[in-house]
Every structure is written in structure tokens, then in C-alpha cells.
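Coordinates in review
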Amino acid sequence: MNTADAPSMSAYDRIGGAPAVTEAVERFYRRLLADDELSGFFTGTDLPQLKRHQVALISQVLDGPKAYGGRELAEAHRGMDISPGQYKAVGMHLTAVLEELEVPRDIIDSVEQVLTVVAPDIIEA
Ligand code: HEM
């Protein structure tokens, strides 16, 4: 079935559900850790937990299961002094991963809208 043409399905189901989101999150953190401007933020973090929380959050944003049990985004990023440029760079890595995985454009657009909405919770510097 060409799920990209089934707007009645949730975005989560259209992109392939849990395996697709898990793959996207793996690739996302692979990119962040390979980016010298960003990797330092993740030193000493519990990466497996971070990935699990990110999978849950993205699933929820895409109208999949509502299982996010992490902190509020503002609380999770408080004190990190994340600049607008760093935020943009992280967003671009996420978008690039979604493009790599051939996520339909309308879904990428809605993820980018969410990134715009949550930016003030995460950017501090
Ligand atoms: C682009 C939008 C972003 C989203 C949706 C997002 C989402 C998340 C989530 C869900 C967590 C887990 C919170 C928890 O486990 O309680 C987290 C933690 C974290 N985020 Fe982000 N994040 C974003 C941007 C960024 C940026 C721009 C940076 C750094 C440049 C960053 C660095 C971190 C770090 C280092 C942690 C781990 C915090 C800790 O373990 O104490 N995030 N983020």
C-alpha cells in the first residue's frame, strides 16, 4: 500500500510506526554526536534513555501512542545555554533525517511547525 497517499491515517502510521521512528531517532543522534558544534552537549547524558524519550515524544507529535514520560522540554534543557544557531542546527539534522527516510513533505512540514512552537522552551542564550 502506498501509505503516503492515505491522509486518513495518522502521520505515525503513514511513516511506518515504531520501527520508522526508532530508526529516525538513531540516525538523529548519530548526526548530533558527529557534529563537533553539538556533540559536547551530550557528553555524560544517558543516551539510551534520551533516545527512548525522543522516540516517545516524536511518536506522540505524529499522533501515535501517547507515552512520553520525560521532563517538560523547558525543564530538560534549562541551563544548557542553547543558542538560536545551535537550535537551528539540531532542527536541520532532524529534518535531514526525515528527508533521508523519505518521510512525506506534509509530515516534515508539521514537524518543523512543532520545532518552531517549542523553540522558546529550549533556546536560552
Ligand atoms: C529541536 C528540538 C528539541 C527537542 C524536541 C528535544 C527533545 C528532548 C527530549 C525529549 C529530551 C529528554 C528529556 C528527558 O529525558 O527528560 C531532551 C534532552 C536533551 N536535549 Fe533536547 N531537544 C531539542 C533540542 C535540543 C538542542 C538544540 C540541544 C543542544 C544543542 C539539546 C540537548 C539535549 C540534551 C543534552 C539532553 C539531555 C538532558 C539530560 O539528560 O539531562 N536538545 N531533549
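Computed from a predicted structure; not experimentally measured.

Cut-offs and rules
Residues numbered from 1 in each chain as written. Predicted model: local features only at pLDDT ≥ 70, side-chain atom pairs only at ≥ 80, totals over all residues. Heavy atoms only, no water. Helix = DSSP H or I, 4+ residues; strand = E, 2+ residues; numbered from the N terminus. Expected span 1.5 Å × (residues − 1). Buried < 20%, exposed > 50% of the residue type's maximum accessible area, 1.4 Å probe, protein only. Arc of directions from axis to C-beta. Contact = heavy atoms within 4.5 Å. Donors = N, O, S within 2.8 Å, 3.2 Å for Na, K, Ca; no water. Near = heavy atom within 4 Å. Polar contact = N/O pair within 3.5 Å; in protein donor to acceptor, adjacent residues only side chain to side chain. Nonpolar A, V, L, I, M, F, W, Y, C, P; charged D, E, K, R; others polar.

**Brief notes about helix H2 (residues 17-34)**
The first and last C-alpha atoms of H2 sit 26 Å apart over 18 residues, in line with the 26 Å expected at 1.5 Å per residue. Among the residues making up H2, those that are buried are Gly17, Ala20, Val21, Ala24, Val25, Phe28, Tyr29 and Leu32. Here the buried residues of H2 occupy an arc of 160 degrees about the axis, which is enough to place them on one side. Set apart from the buried face of H2 by more than 90 degrees, the exposed residues are Pro19, Arg30 and Ala34. Its buried side turned inward, H2 meets helix H1 (11-15), helix H3 (47-61) and helix H5 (84-100).

**A short note on the coordination of the iron atom of the ligand**
There is one protein donor for the iron atom of the ligand, and it is His77 (NE2), at 2.0 Å. For His77, the position within the fold is in helix H4 (residues 73-77).

**Things to note about the site of the ligand**
The full set close to the ligand counts 20 residues, and Phe41, Leu50, His53, Arg71 and His77 are the nearest of them. His53 places a side-chain nitrogen or oxygen 2.5 Å from an oxygen atom of the ligand. Mapped onto the shell around the ligand, the elements with two or more residues apiece are H3, H4, H5 and helix H6 (105-122). Its residues placed into classes, the shell around the ligand shows 14 nonpolar, five polar and one charged.

**Section: the side chain of Ser10**
Following the sequence through the fold, Ser10 ends up in the segment before H1. At a separation of 3.0 Å, a polar atom in the side chain of Ser10 contacts the main-chain amide nitrogen of Asp13. Dropping the residues within four chain positions of it, Ser10 is found in contact with Leu62 and Asp63.

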